[in-house]
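# Summary of structural features
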Amino acid sequence: MTVPYTVFAEYTLATTRGAKPDVAPLKAFMAKYPTSPLIKSAYQNLAYFYGGQAGKDEAAAFFAEYGAKYPEDPYVLQSWLSRINKDKAPMDKGLELAEKIELLTQRNPDPSVQQTLGDFYLAKGDKAKAAEVYGKEYADNQVENLAYNLISYAGFWAGKNENLDNAVAMAETALKLAPDNSYFIQQVAGLYVKTGKEDKALALFGPAWIKAKMADASSLNSYASFWGRQGKNLDSALAAAKKAVELKPKQYYQWGTLGDVLGKMKLTDEAAKAYEKAIELAPDQVKEMYRKSLERLKK
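Residues numbered from 1 in each chain as written. Predicted model: local features only at pLDDT ≥ 70, side-chain atom pairs only at ≥ 80, totals over all residues. Heavy atoms only, no water.

### Quick word on the side chain of Thr257
Where we set the bar: A run of H or I in DSSP counts as a helix once it spans at least four residues, and a run of E counts as a strand once it spans at least two, with each numbered from the N terminus. Remark: exposure states derive from per-residue accessible area (1.4 Å probe, protein chains only) relative to the maximum for the residue type, with buried under 20%, exposed over 50%, and partly exposed in between. Here, two residues are considered to be in contact whenever any of their heavy atoms come within 4.5 Å of each other.
Mapped onto the elements, Thr257 comes out in helix α16 (residues 252-264). For Thr257, a relative accessible area of 8% translates into the label buried. For Thr257, the residues in contact, after removing those within four places along its chain, are Asn221, Ala224 and Ser225.

Written out as structure tokens, the structure is:
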């Protein structure tokens, strides 16, 4: 079957020039080739015209047909809702579409879709619902998602030991978006150490940072564990590990962290005692991990 691609080309050319397109050839193509893989593309092209230039009744008929053909496609329903937003009617159908779109996109909200939903609810006079779908919480979630995506990107390239300058830059951008996120702080500090910028790592996640966390056993343990793995800033790491154990003496993993730091400092006897305490307190399924750490230390 020969597909007349020129039909699409001529239609697209007319729309890009701002002219009113002739929809007849495109409709004729759709009628002649109803099973063509280009049918959906044809509808999408027509939606541009019916969404903005066609009369209200024509548009209503087109979108009813389009929506019935692709009832589970949120972008199809969005184009219909956008036309309803333009006409400010019919609002009952708009509400039906908005609720369906929300259901279809709840796991992965698309910015353009959420904007259309916000526009509809504002037109409906429901400011609270508009804020719910496209307000502060939505924006905050977008910032958080972007920040985590950038940190994930940085971690990927750091793991490959490639593209490190850009990895650092993107991790720094993530931290600017969420400056109080301790996970991001630690990830950026790790990248600094990896790229030979230990002074920057210490300025970001060093003694000054931990000074404000001396009552937080979890932060103390994370800090000590981080620097223990790096084999740097060990005096500060040791002080943090000891304080964590003092605050929560029954937390086995904190004794393990203390053992790791003492081991890096070649304080073998003290490290062995810390690992033995970790073994004593740990649940059965993780005791073996600390036994192996103790064996490595003795060797």
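### Details of the packing of aromatic side chains
Spelled out, the test is: Aromatic pairing here means that ring centres of Phe, Tyr or Trp (its six-membered ring) are within 6.5 Å. Orientation follows from the plane angle: under 30 degrees is stacked, over 60 is edge-to-face, and everything else is tilted.
Taken as a whole, this structure holds 23 aromatic pairs when the rule is applied. Ring centres of Phe205 and Trp209 lie 4.7 Å apart, and the angle between their planes is 55 degrees; this geometry places the pair in the tilted category. Classification of Phe205 by relative accessible area gives buried; the value is 1%. Given a relative accessible area of 15%, Trp209 falls into the buried group. Relative to Tyr223, the ring of Trp209 lies with its centre 6.3 Å away and its plane at 15 degrees, an arrangement referred to as stacked.

### Some remarks on unusual backbone geometry
Most peptide bonds take the trans configuration, and most residues that are not glycine carry a negative phi. The omega torsion of the bond from Ala89 to Pro90 falls at -10 degrees, within 30 degrees of zero and hence cis. Along the chain, Pro90 falls in the loop between α5 (74-87) and α6 (91-105). Despite not being glycine, Lys88 shows a phi value in the positive range, around 60 degrees. Within the fold, Lys88 resides in the loop between α5 and α6. Positive phi, normally seen in glycine, also occurs at Lys266, with a value near 65 degrees. Following the sequence through the fold, Lys266 ends up in the loop between α16 and α17 (268-281). A residue is classified by how much of its surface remains accessible, and Lys266, at 68% relative accessible area, is exposed.

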